[in-house]
Amino acid sequence: MAAKPKVFVSRIIPDAGLDRIKEHCNADIWPDPLPPSRDVLRARLADCEGLVSLLTDRIDGELLDAAPQLRVVSNFAVGFNNIDVPAATTRGIAVGNTPGVLTDATADMAFCLLITAARRVVAGHQYSLSGEWKTWEPLGHLGQDLFGRTLGVIGMGRIGYALARRCRLGWDMPVLYHDVYKSEKAEKDLGAKSVDLDTLLRESDFVSVHTDLNDKTRGMFNAAAFKQMKRTAVFINTARGPLVDQRALHDALKSGTIFAAGLDVTDPEPPLPDDPLLRLPNVVIAPHIASATVGTRNAMAEICAGNLLAGLRGEKLPHPVNPEVDTTRRKG
Ligand code: DGY
């Protein structure tokens, strides 16, 4: 019987995927709650054919060169900005991700942040606990209405569409979007209107980001962008922290340039303890938990295992990021 392929799993993922990996591979599983250091990753990968990585593992050419037998990297995430994909492709290493299964959970979190920030729920909760609550206040705790207000979606992919659908069908919101691609589906189903970024920023009551992080989008939400938004606008980010210039966001929130923000992602993660953003009353920050439901994480684990095992067997990955890498050339 052929020896099982050696793989490194950089964190404990749900059994829904891990059990299959353990069954079919000689799996070295990193047991700590914190990610392995770069040196540990390099050492553990030296004789591995497969890797299950997380968005906290930086996978670049230098690391891949230290893993001469590596054939497949299966990222336990839909986003893959932690991986230098061209570097993997050049080395003939297949990369997989987990699209689709976290769409609804992430759209739910975007909506949760939207309504929480718009209605000042967290500040209200802290007020209730503080003992300051003395009476019902006609002018206290005023937030923003949702019904019929305009949603602006940047990046009308699966998650952007799922949020827009919730807002259009549930809260009767007109939807504007900005994307390099036209979304026939969003236009047909939801009456969404494609606009340039400036128009979207100027006209939206809620601005929600669902775009990839790359060299073009890094820092796109800067002081100039916040200045274009309405003073009543609520800004939502469930995509990636570095899309936002966090100092500019802080200044926009503090000066009242925008009304509030709801973030599931920050830059860095976690935010530095002395980041002044943490002390503002009009920001809600969740610890990157948009996909954190039992069902979603199980489904991600299943896909992640499926990608890994397919790559090791010399089959096409079910969810490839670089399909140009021909995994079938090397049957496992
Ligand atoms: C992803 O999958 O990219 C999310 O950020 C974490 O689930």
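Residue positions within a chain follow its written sequence, with the count starting from 1. Owing to the predicted nature of the model, reporting of local features is limited to residues with pLDDT of at least 70; listing and counting of side-chain atom pairs is limited to 80 or more, with chain, interface and lining totals taken over all residues. Hydrogens and waters are ignored; side-chain quantities use all the structure's heavy atoms.

Asker: With reference to specific residues and values, describe the environment of V195.
Answerer: Numbering goes from the N terminus for both helices and strands, where a helix is a DSSP run of H or I of at least four residues and a strand is a run of E of at least two. Position of V195 among the secondary structure elements: in the loop between strand 8 (193-194) and helix 9 (197-203). Contacts between residues were defined by any pair of non-hydrogen atoms, one from each residue, lying within 4.5 Å. When neighbours within four sequence positions are excluded, V195 is seen to be in contact with L176, Y177, H178 and L200.

Asker: Now, about the site of the ligand: what can you tell me, with residues and values included?
Answerer: Consider each residue's heavy atoms; a residue with any of them within 4 Å of a molecule or strand counts as near. The environment of the ligand is formed by L55, A77, V78, G79, L102, R240, H288, S291 and M300. For the ligand, an oxygen atom lies 2.8 Å from a polar atom in the backbone of G79. The contact in question runs from an oxygen atom of the ligand to an N or O atom on the side chain of S291, over 2.7 Å. Relative to its free-state accessible area of 230 Å², the ligand is covered by the protein chains to the extent of 89%. Side-chain classes are defined by residue name, with Ala, Val, Leu, Ile, Met, Phe, Trp, Tyr, Cys and Pro counting as nonpolar, Asp, Glu, Lys and Arg as charged, and the others, Gly among them, as polar. Its residues assigned to classes, the shell around the ligand shows five nonpolar, three polar and one charged. Distance and chemistry together define a polar contact, namely a pair of N or O atoms within 3.5 Å, with one atom able to donate a hydrogen and the other to accept it when in protein, and with adjacent residues in sequence counting only for side-chain atoms on both sides. With residues, only the protein chains shown are counted as cover, and all accessible areas are computed by Shrake-Rupley using a 1.4 Å probe.

Asker: Quick rundown of the nonpolar core? Include the residues and the values.
Answerer: Only buried Ala, Val, Leu, Ile, Met, Phe, Trp, Tyr and Cys residues count toward a nonpolar core, and they belong to the same one when joined by side-chain atoms within 4.5 Å. Under the scheme applied here, a residue whose accessible area is under 20% of the maximum for its type counts as buried, over 50% as exposed, and between as partly exposed, the area being computed with a 1.4 Å probe on protein chains only. Counting 30 residues, the largest nonpolar core has L114, L151, M156, F206 and V234 as its most contacted members. Elements that contribute at least two residues to this core include exactly helix 5 (103-118), strand 6 (151-154), helix 7 (158-171), strand 7 (175-178), helix 8 (184-190) and strand 10 (234-237). With sequence-adjacent residues up to four places away left out, M156 is seen in contact with Y161, A164, V175, Y177, H178, D179, S183, A186 and A192. Grouped together as the second largest cluster of nonpolar side chains are 28 residues, F235, L253, A261 and L277 included.

Taken by themselves, the reported measurements are silent on function.
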